[in-house]
Amino acid sequence: MKNVEEILSRLDNTYGRDIPCYLNYNHDYELLIAVILSAQCTDERVNKVTAKLFEKYTSLEMIADADVEEIEKYIRSAGLYHNKAKNIKGAAIELISRFDSKVPDNIEDLTSLPGVGRKTANVILGNIYNIPSVVVDTHVKRISNRLGFTKNQDPMQIEYDLMKVLPKEHWIAYNMQIIAFGRSICAARSPKCHECFLSDLCPAKE
């Protein structure tokens, strides 16, 4: 597709390729839980919630044994806490019983866990296992449409479109770069087109 190479080059020059994960974690299962919590919640809020949650529950086994109502107390401010608490406990139980307490390294097993969809699974694959994956969050959805990389609104279709458009070695970097770009320049409302280093290549400019 026209301009893809130049757009990716400018993203690399601005943000680099080695962008750290925005969610804090020390163990693989903690990232899984953090991403479950991130649904309709900011990374900043999730990091505040998980700091207290993981201080209380210091192992996967402790989370699996916890009462759902007790987990809810720690994650209430992340929103949707009833379902999230149930999914966190359920995922912990499944990891222990089915996967020897290890986070799976393939999308089929990951998406079989409670509360884990393709977005969560792809975050895990990219950040833990460095397996090329395309994560479609709100920033990636919005900006990929603006850049003309996709015309779809369905996250799975966008994922497949981006897999065709972007070189595989850039998938993980694109995810993180677009999040940074979306937060600083290409906001949902009032994007800073006059400050944007991609404005001359963007079909949605202004």
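Starting from 1, residues in each chain are numbered consecutively following that chain's sequence as written. Thresholds applied to this predicted model are a pLDDT of at least 70 for local features of residues and 80 or more for the giving and counting of side-chain atom pairs; totals over whole chains, interfaces and linings are not thresholded and use all residues. Side-chain metrics in this entry use all non-hydrogen atoms of the structure; hydrogen atoms and water are not considered.

Engineer: I would appreciate a short explanation of the layout of surface pockets in the present structure.
Structural biologist: A water-sized probe, rolled over the atoms, reveals where empty space remains. Of the pockets and cavities examined, the largest pocket occupies roughly 760 Å³. Going through the elements one at a time, helix H3 (43–56), helix H8 (118–127), helix H9 (138–146), helix H10 (155–165) and helix H11 (171–184) are the ones with two or more residues in the lining of the largest pocket. Think of it as three bins: nonpolar holds Ala, Val, Leu, Ile, Met, Phe, Trp, Tyr, Cys and Pro, charged holds Asp, Glu, Lys and Arg, and polar takes everything else, Gly as well. Within the lining of the largest pocket, the residues separate by chemical class into 15 nonpolar, 13 polar and eight charged. The definitions used throughout rest on a 1 Å grid laid over the protein atoms alone, on which a cavity is an enclosed set of points accommodating a 1.4 Å probe that cannot get out and a pocket is an open set flanked by protein within 12 Å on both sides along at least five of seven lines; lining residues are those having an atom within 4 Å of a point. Grid points are joined across faces, edges and corners, and a volume is the space filled by probe spheres set on the points. Here a strand is any run of E in DSSP of at least two residues, a helix any run of H or I of at least four, and the numbering for each starts at the N terminus.

Engineer: Just checking my understanding: could you explain the environment of Ala 121 for this structure?
Structural biologist: Position of Ala 121 relative to the elements: it lies in helix H8. In this structure Ala 121 comes out as buried when scored by relative accessible area, which is 0%. For the pair formed by Ala 121 and Val 134, sequence separation is 13 residues and the distance between their alpha carbons is 9.9 Å. Each residue's exposure class comes from its accessible area (1.4 Å probe, protein chains only) as a fraction of the maximum for that residue type: buried when under 20%, exposed when over 50%, partly exposed otherwise.

Engineer: How should a nonpolar patch on the surface be read in this particular structure?
Structural biologist: Here, patches come from residues exposed beyond 30% relative accessible area and free of salt bridges, joined within 9 Å for like charges and within 5 Å for nonpolar side chains (Val, Leu, Ile, Met, Phe, Trp, Tyr). Each accessible area is a Shrake-Rupley result for a 1.4 Å probe, and residues are judged covered by the shown protein chains and nothing else. Put simply, a salt bridge is a Lys or Arg side-chain nitrogen that is within 4 Å of an Asp or Glu carboxyl oxygen. On the surface, Met 156, Tyr 160 and Met 163 cluster together into a nonpolar patch covering about 240 Å² of accessible area. Note that Met 163 resides in helix H10.

Engineer: Before we go on, may I ask you to explain the packing of aromatic side chains in this structure?
Structural biologist: What describes a pair of aromatic rings is the distance from one ring centre to the other and the angle between the planes of the rings. Side-chain rings of Phe, Tyr and Trp (the six-membered ring for Trp) are treated as a pair once their centres are within 6.5 Å; stacked means planes under 30 degrees apart, edge-to-face means over 60, and tilted covers the remaining angles. Applying the stated rule across the entire model yields four aromatic pairs. Ring geometry for Phe 149 versus Tyr 174: centroids 6.1 Å apart, planes at 40°, classification tilted. Linking Phe 149 in the loop between H9 and H10 with Tyr 174 in helix H11, this pair joins segments that are 25 residues apart in sequence. The exposure classification of Phe 149 matches that of Tyr 174, with both residues buried.

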